[in-house]
Amino acid sequence: MRLEDIANALRISVPTLRKHYEVELSSGAALRRMEVLEKLLSQAKKGSTSAARAYLANQPEFMVAPEEEKPGRKPRKGKKEQAQEDAGTAQNGTGWDGLLPPGNVTPIRKPA
């Protein structure tokens, strides 16, 4: 059912429905999606090419596991670590070169 129809049946607004029934709405949608995928898989196993295409089009994407570290290869840095390193060398090649002392520079922080 549409959210508007559910809200009307319960005599509440759609924002109230989303606020108080978020878990039920999302888990219900997930269950229905799973039922549809199970039916598609069943039909695909019986030889239905259109069901196979629809099933494969709705497959979730999985994250690829990180590669094993290879000898002689530097490990990748995270975004924050890379940004911190870049900030330390930002003055290189500019007119600001040499104004900061070499080594670690304490970043300016807002007073608490």
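Coordinates for the structure precede this section.
Residues numbered from 1 in each chain as written. Predicted model: local features only at pLDDT ≥ 70, side-chain atom pairs only at ≥ 80, totals over all residues. Heavy atoms only, no water.

**A look at the overall build of the protein chain**
Next, step 1: Along the backbone of the protein chain there are five helices and zero strands.
Next, step 2: Each helix (α) and strand (β) of the protein chain, taken in turn from the N terminus, gives the series α-α-α-α-α.
Next, step 3: Looking at the protein chain residue by residue over its 112 residues, the buried ones come to 7%.
Next, step 4: Accessible surface, the protein chain as shown: approximately 10,800 Å² in total, 57% of it carbon and sulfur. (Helix = DSSP H or I, 4+ residues; strand = E, 2+ residues; numbered from the N terminus. Buried < 20%, exposed > 50% of the residue type's maximum accessible area, 1.4 Å probe, protein only. Areas by Shrake-Rupley, 256 points an atom, 1.4 Å probe, with all protein chains shown as cover.)

**Here we look at the environment of arginine 33**
Next, step 1: Looking at the secondary structure, you find arginine 33 in helix 3 (residues 22-45).
Next, step 2: Between the C-alpha atom of arginine 33 and that of asparagine 58, which follows or precedes it by 25 residues, the distance is 9.5 Å.

**Looking at the pattern of salt bridges**
Next, step 1: With the rule as written, the count across this model stands at three salt bridges.
Next, step 2: One salt bridge in this structure joins aspartate 5 and arginine 2, with 3.3 Å as the shortest N-O distance.
Next, step 3: Take aspartate 5: its relative accessible area is 31%, and that puts it in the partly exposed class.
Next, step 4: Between arginine 32 and glutamate 35 there is a salt bridge whose closest N-O contact spans 2.9 Å. Of the two residues, arginine 32 and glutamate 35 both sit in helix 3, three residues apart, roughly one turn of that helix.
Next, step 5: Taking the relative accessible area as the measure of exposure, glutamate 35 reaches 41% and is therefore partly exposed. (Salt bridge = Lys/Arg side-chain N within 4 Å of Asp/Glu carboxyl O.)

**Some thoughts on the packing of helix 3 against helix 4 (residues 49-57)**
Next, step 1: Taken N-terminus to C-terminus, the directions of helix 3 and helix 4 make an angle of 140°; their axes are 8 Å apart at the nearest point. Classified by the angle between their axes, helix 3 and helix 4 sit oblique to one another. In the packing of helix 3 onto helix 4, the handedness of the crossing is left-handed. Of helix 4, the residues touching helix 3 (which contributes Leu37, Leu40, Leu41, Gln43 and Ala44) are Ala51, Ala52, Ala54 and Tyr55. (Axes fitted to C-alpha atoms, helices over the stretch in contact; angles between N-to-C directions. Parallel < 35°, antiparallel > 145°, perpendicular 65-115°, else oblique. Left-handed = near helix turned anticlockwise from the far one by under 90°. Contact = heavy atoms within 4.5 Å.)

**Considerations on unusual backbone geometry**
Next, step 1: You will see that arginine 11, though not glycine, has its phi angle at about 60°, which is positive.
Next, step 2: Following the sequence through the fold, arginine 11 ends up in the loop between helix 1 (3-10) and helix 2 (14-20).

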